[in-house]
Amino acid sequence: MSKRIKVLGFGLTALAMCGLSYSAVVAEPNNNQLMIDGKKITTNVKAPKGSPFEKLYSGWRFRSAETQKLQSDDFENPGFPLVDLGTELWQKVDGSAGKSCASCHNDASKSMKGVRATMPKMHKEIGKVQSLQQHVNYCRTERMGAKAWKWESNQMLGMAAYVGLQSRGMPVNVKIDGPAKAAHDKGKKLYYTRVGQLDMSCAGCHEENFGKMIRADHLSQGQINGFPTYRFKWQKMGSVHRRFKGCMKNIRAKPYKVGSDEFVALELYVASRGKGLSVESPAVRN
Amino acid sequence: MARPRVKVPKSASKDEVITIKTLISHKMESGQRKDKKTGEKIPRKIINKFTAKFNGTQVFAVDIEPAVSANPFLQFTVKVPESGEFEFTWLDDDGKTYSAKKKITVN
Amino acid sequence: MKLTKREFFAFGGGAAAFVALGGMPVGASAATDEVKKLISDFAGGKMPASGKVSLNTPEIAENGNTVPVSVEVESPMTKDNYVASVMLLATGNPFAGVATFHFSHMSGEATATTRIRLAKTQDVIAVAKMSDGTVFMDKKQVKVTIGGCGG
């Protein structure tokens, strides 16, 4: 592993905010392979055409061996109690129509297979690109006559993780052309726009500096193929929009709201940067 | 709501030492944190005891303090002399108990 | 303000404000006296010897909220000669107590794994009490990384 010291020209604002120290260490993503129940999960793939990267790396590759291990066994993965909840909710009748998810979608292992890999995607009835959570809530309010779930509720996280699990191991493959193009372009613009008191963009960390240490943390490419993800920091599972909010707070920007058009667009664009990596939901990170 | 998960092999040979994994969803509120809005301490609420019984006999137990992580995970071993049933119990500070049972066949 | 030659930035002390350990406030730590008393009470006043116990911890924990820890004690684990219990202590936490594992001769092996909260870089201690009352101890330092970003 090569270790180099690099110096940075960084804004005075940031210096004042952070008490900047001029050193950094490069630590390449590690070379470990992820197997879950004997099934290989692709955490490293050649970048598709047009990608700013040569190779794509799942965030799993940037974590320590101890953290990685927790994702290699579903009984050690602390996200699984919520998957159990999602499994139950799939069958549970709720709302005025007397239906459950299973009433229409039957066996999730068949009907939901591959769904997570294409999210976010165009929702015909709503008329715009929507995250998995919004597809779920549309079914709940319009088809089941049930109340919408809150974005970060256990129910929604559990359902998103359960639906996501049906695509585990499948390559991320979101649509970014046709009716999805506008959202993709909006997301791309957000990704490269510097915001907040620290005047930083997503790209400043996750494109230009991945692999380096941001103090004690190993910067990843910001891939989102593992969401919803169990994080030690949160001590629970959370959505990618919650993660976006955390990044924005760190750079002293006013975060958008979970489920906002901005975050859906950003989610689509960031997902497209990870095309070919396996869906890992529910992943485990620090 | 706490949700227990346990992994026990379905079968084993006589006197085989088997590995058991358990995990229960629980916030493990340490009693050390303060409410950001009110500034008051959030009262402690943890799983404080875990027991594993095999055919009614305690084979393993843990006294748990707030320094155990949220969603407590425990892995341990048991030597199984005969077919039977495991019963796992988690005791919450609020007096609630959560339990799970698993059968094992010894050939 | 332009960040033209931006190879990298490393946040200094101020960035610690980005990170809050969910479980434990950083700063307070268990007094040495508390650790001594816990060990003495557990060991029945005996001085623990070294050997027999192996404590397995990561050298560096990516996040102090969830640090995998396992302990293993050499023992035949028979009816008359087994490990009765193992106490885990975190010497740099506000309270040193972490967990006490109670084994039996039916345990087969005296080994257990869990995940613990560490408020800062510190020593973790495992004390094992055998069925004959003898006591053994192992100690490992775990570096806890505080800082970085991690939203």
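Residues numbered from 1 in each chain as written. Chains lettered and ligands numbered in written order. Predicted model: local features only at pLDDT ≥ 70, side-chain atom pairs only at ≥ 80, totals over all residues. Heavy atoms only, no water.

S.K.: An account of the sheet that holds strand β1 (residues 4-7) of chain B is needed here, citing residue identities and associated values.
M.R.: Across the sheet, 6 strands lie side by side as β1(B)-β3(B)-β6(B)-β7(C)-β4(C)-β2(C); this open sheet has antiparallel pairing. Looking at which strands have only one partner, the edges of the open sheet turn out to be β1 of chain B together with β2 (53-56) of chain C. For this sheet the average axis-to-axis angle between neighbouring strands, irrespective of direction, equals 15°. Where β1(B) and strand β3 (residues 16-24) of chain B come together, 4 bridges link them in antiparallel fashion. Opposite B:Pro4, over in β3(B), you have B:Ile24 as the bridge partner. (Pairing = 2+ DSSP bridges. Helix = DSSP H or I, 4+ residues; strand = E, 2+ residues; numbered from the N terminus. Axes fitted to C-alpha atoms, helices over the stretch in contact; angles between N-to-C directions.)

S.K.: Give a detailed account of the side chain of A:His184, specifying residues and quantitative values.
M.R.: Position of A:His184 among the secondary structure elements: in helix α8 (residues 181-192). Residue classification places A:His184 among the buried positions, given a relative accessible area of 11%. (Buried < 20%, exposed > 50% of the residue type's maximum accessible area, 1.4 Å probe, protein only.)

S.K.: Explain the environment of A:Glu28 residue by residue, including any values.
M.R.: Residue and element names in this part refer to chain A. Its place among the elements puts Glu28 in the loop between α1 (12-18) and β1 (34-36). For Glu28, a relative accessible area of 43% translates into the label partly exposed. Residues Glu28 and Leu219 lie 191 residues apart in sequence; the distance between their C-alpha atoms is 9.7 Å.

S.K.: Break down the pairing of β2(C) for me, citing the residues and quoting the values.
M.R.: Residue and element names in this part refer to chain C. Residues Val53 and Leu55 point to one face of β2 and are all buried, whereas Ser54 and Asn56, pointing to the other face, are not buried. One ladder, built from 4 bridges, connects β2 with strand β4 (residues 67-73); its direction is antiparallel. Bridging from a neighbouring strand, Asn56 pairs with Ser70 of β4.

S.K.: Any details on the confidence of the model for chain C? Residues and values, ideally.
M.R.: All names here are of chain C. Confidence in the prediction for chain C averages 83 pLDDT; 77% of positions are at 70 or higher. With pLDDT under 50 throughout, residues 1-27 is counted as low confidence; its partners more than four residues away or in other chains account for 102 contacts. Confidence metrics for the complex model read pTM 0.88 and ipTM 0.95. (pLDDT = per-residue confidence, 0-100. Contact = heavy atoms within 4.5 Å.)

S.K.: Kindly report on empty space enclosed by the protein, identifying the contributing residues and their values.
M.R.: Residues and elements named next belong to chain A. One pass over the full model with this rule turns up 3 cavities of 30 Å³ or more. Roughly 190 Å³ of volume is contained in the largest cavity. As for the largest cavity, its lining consists of 17 residues, of which Arg116, Ile224, Phe227, Val240 and Glu267 are closest to the centre. Tallied by class, residues from the lining of the largest cavity come to 11 nonpolar, 4 polar and 2 charged. Both domain 1 (12-76 + 170-285) and domain 2 (80-165) contribute no fewer than three residues apiece to the lining of the largest cavity. (1 Å grid on protein atoms, 1.4 Å probe; cavity = no way out; pocket = protein on both sides within 12 Å on 5 of 7 lines; lining within 4 Å. Points joined across faces, edges and corners; volume = space filled by probe spheres on them. Nonpolar A, V, L, I, M, F, W, Y, C, P; charged D, E, K, R; others polar. Domains from an automatic or database assignment.)

S.K.: Just give me the short version of the sheet that holds strand β11 (residues 283-285) of chain A, but keep the residues and values in it.
M.R.: All names here are of chain A. Here 3 strands make up an open sheet; going across it, the order is β10-β9-β11 and the pairing mixed. Single-partner strands in this sheet number two, and they are β10 (236-238) and β11. Put simply, the sheet's adjacent strands are angled 35° from each other on average, direction ignored.

S.K.: Requested: an account of the environment of B:Lys14, with residues and values cited.
M.R.: All names here are of chain B. Relative to the helices and strands, Lys14 is located in the loop between β2 (11-12) and β3. Lys14 sits in the exposed class, given a relative accessible area of 56%. C-alpha of Lys14 to C-alpha of Pro81: the two residues are 67 residues apart in sequence and 5.3 Å apart in space. Ignoring any residue separated from it by four or fewer positions in sequence, one finds Lys14 in contact with Val80, Pro81, Val106 and Asn107. A distance of 3.3 Å separates a polar side-chain atom of Lys14 from the backbone oxygen of Pro81. (Polar contact = N/O pair within 3.5 Å; in protein donor to acceptor, adjacent residues only side chain to side chain.)

S.K.: Requested: an account of the interface of chain A and chain B, with residues and values cited.
M.R.: A common measure of how large an interface is: the accessible area buried when the components associate. Between chain A and chain B, the contact holds 13 residues from the first and 11 residues from the second. Of all residues in chain A, A:Phe75, A:Glu76 and A:Pro81 bury the most surface against chain B, accounting for 53% of the area lost on that side. If you look at where chain A meets chain B, you find 5 salt bridges. At the junction of chain A with chain B, the criterion picks out 7 residue pairs in polar contact (both at pLDDT 80 or more). If one sorts the elements of the side of chain A that touches chain B by residue count, helix α3 (residues 80-91) of chain A sits on top with 5 residues. A per-class count over the side of chain A that touches chain B returns 6 nonpolar, 2 polar and 5 charged. (Buried area = accessible area lost by both parts, 1.4 Å probe. Salt bridge = Lys/Arg side-chain N within 4 Å of Asp/Glu carboxyl O.)

S.K.: If you had to explain the nonpolar core to someone new, which residues and values would you point to?
M.R.: Counting residues in hydrophobic clusters, the biggest one holds 58 residues, and the most contacted among them are B:Phe50, B:Phe60, B:Phe86, B:Phe88 and C:Phe101. Discounting chain neighbours no more than four positions away, the residues touching B:Phe88 are B:Val6, B:Val8, B:Ile20, B:Thr22, B:Phe50, B:Thr51, B:Ala52, B:Phe76, B:Tyr98, B:Ser99, B:Ala100 and B:Lys102. Core analysis: the next-biggest nonpolar cluster, separate from the first, contains 26 residues, A:Ala183, A:Ile214, A:Phe244 and A:Ile251 among them. (Core = buried A, V, L, I, M, F, W, Y, C linked by side-chain atoms within 4.5 Å.)

S.K.: Could you give me a rundown of the pattern of salt bridges, with the residues and numbers involved?
M.R.: Enumeration over the complete set of coordinates arrives at 29 salt bridges over all chains. The residue B:Lys96 makes a salt bridge to B:Asp94 at a minimum N-O spacing of 3.5 Å. According to the relative accessible area criterion, B:Lys96 is partly exposed, its value standing at 46%. What makes B:Asp94 partly exposed here is its relative accessible area of 39%. A network of salt bridges, in which partner residues are shared, links A:Lys69, A:Asp73, A:Glu76, B:Lys7, B:Lys21 and C:Arg115.

S.K.: Any details on the domain arrangement of chain A? Residues and values, ideally.
M.R.: All names here are of chain A. The domains assigned to chain A are domain 1 (12-76 + 170-285) and domain 2 (80-165). Each of domain 1 and domain 2 has a C-alpha centre, and the two are 24 Å apart. Buried surface at the junction of domain 1 and domain 2, both sides included, amounts to about 2100 Å², of which 64% is carbon and sulfur. Where domain 1 meets domain 2, there are 1 salt bridge.

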